[in-house]
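Architecture and fold: a report
The primary structure of each chain is shown beneath.
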Amino acid sequence: ATVGLRTALIAECMGYRNLHFYGCDSCHRNGASHVYAQPMNGAVPTIEITAAGRKFQCTPAMAQQAQDFQTQARHMMARGCQLTIHGDGLIAHIMDTWNQEALRNVG
């Protein structure tokens, strides 16, 4: 359970269908886990995961968020939500992969 995923569900319950996610990348970038220093998270171990041919450094919690996002996003999109992920992290890569796959299946 993460703030970003729960907030999306609350927005959907309130009637919003066009949702934009910022800072919800679920991975480290250049050795940093967040946009600002969070020393309390400095000792959390990371794992390397590969998603659609691309490697990402994540904490186990970040990897779980990416898994949970996929389930939640599929349900939300089936109910008419449009999800836009801004950035270049793991979750954005997952959405880009889904979008490319959908385009290939159209033709």
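See the structure shown above.
Since this is a predicted model, take the numbers as computed values, not measurements. (Residues numbered from 1 in each chain as written. Predicted model: local features only at pLDDT ≥ 70, side-chain atom pairs only at ≥ 80, totals over all residues. Heavy atoms only, no water.)

**A short note on helix 1 (residues 3-13)**
Quick note on the threshold: To sort residues, take the accessible area from a 1.4 Å probe on protein chains only and compare it with the maximum for the residue type: under 20% means buried, over 50% means exposed, and anything in between is partly exposed. Starting at the N terminus, helices and strands are each numbered in turn, a helix being any DSSP run of H or I of at least four residues and a strand any DSSP run of E of at least two. The arc in question is formed by the directions pointing from the helix axis toward the C-beta atoms. Should any heavy atoms of two residues lie within 4.5 Å, those residues are counted as being in contact.
Of all the residues in helix 1, the buried ones are L5, A8, A11 and E12. Here the buried residues of helix 1 occupy an arc of 120 degrees about the axis, which is enough to place them on one side. When the buried face of helix 1 is taken as reference, the exposed residues oriented beyond 90 degrees from it are V3, I10 and C13. Contacts from the buried residues of helix 1 go to strand 1 (18-21) and helix 2 (60-78). One or two residues past the end of helix 1 sits G15, with phi positive at roughly 105 degrees.

**Quick word on the pattern of salt bridges**
To be explicit about the condition: Each reported salt bridge corresponds to a side-chain nitrogen of Lys or Arg within 4 Å of a carboxyl oxygen of Asp or Glu.
Taken as a whole and assessed by the stated rule, the structure comprises three salt bridges. A salt bridge links E12 to R79; the shortest N-O distance between them is 2.7 Å. With E12 in helix 1 and R79 in the loop between helix 2 and strand 4 (82-85), this residue pair connects regions lying 67 residues apart in the sequence. Of the charged contacts in the structure, one is a salt bridge between K55 and E48, with a shortest N-O distance of 3.6 Å.

**As for the packing of helix 1 against helix 2**
Applied cut-off: Axis geometry follows a simple rule: fit a line to the C-alpha atoms, using only the stretch in contact for helices, then measure angles between N-to-C directions, giving values from 0 to 180 degrees. By the definition adopted for this analysis, an angle is roughly parallel if under 35 degrees, roughly antiparallel if over 145, roughly perpendicular if from 65 to 115, and oblique otherwise. In a left-handed crossing the near helix is turned counterclockwise from the far helix by less than a right angle, and in a right-handed crossing that turn is clockwise. As a working rule, the residues Ala, Val, Leu, Ile, Met, Phe, Trp, Tyr, Cys and Pro are called nonpolar, Asp, Glu, Lys and Arg charged, and the rest polar, with Gly in that last group.
Relative to each other, helix 1 and helix 2 sit at 15 degrees, their axes nearing to 10 Å. Accordingly, the angle class assigned to the pair helix 1 and helix 2 is roughly parallel. Our pair here, helix 1 against helix 2, has a crossing hand that is left-handed. The residues of helix 2 that touch helix 1, namely those facing L5, R6, A8, L9 and E12, are Q65, D68, F69, Q72 and M76. Broken down by class, the residue content of the contact of helix 1 with helix 2 amounts to five nonpolar, two polar and three charged.

**Describing the packing of aromatic side chains**
Operational definition: For Phe, Tyr and Trp, where Trp contributes only its six-membered ring, two rings pair if their centres lie within 6.5 Å, and the inter-plane angle classes them as stacked under 30 degrees, edge-to-face over 60, or tilted in between.
Going through the model one piece at a time under the given rule, you end up with two aromatic pairs. Taking 6.1 Å as the distance between ring centres and 85 degrees as the angle between the ring planes, the aromatic pair formed by F21 and F69 counts as edge-to-face. Here the residue F21 occupies a position in strand 1, and F69 occupies one in helix 2, the gap between them amounting to 48 residues. Overall, the relative accessible area of 8% leaves F21 in the buried class. Taking the relative accessible area as the measure of exposure, F69 reaches 1% and is therefore buried. Residues F69 and W98 carry aromatic rings whose centres are separated by 6.3 Å and whose planes lie at 15 degrees to one another, so their mutual orientation is stacked. Taken as a pair, F69 in helix 2 and W98 in helix 3 (residues 90-106) lie far apart in primary sequence, 29 residues in all.

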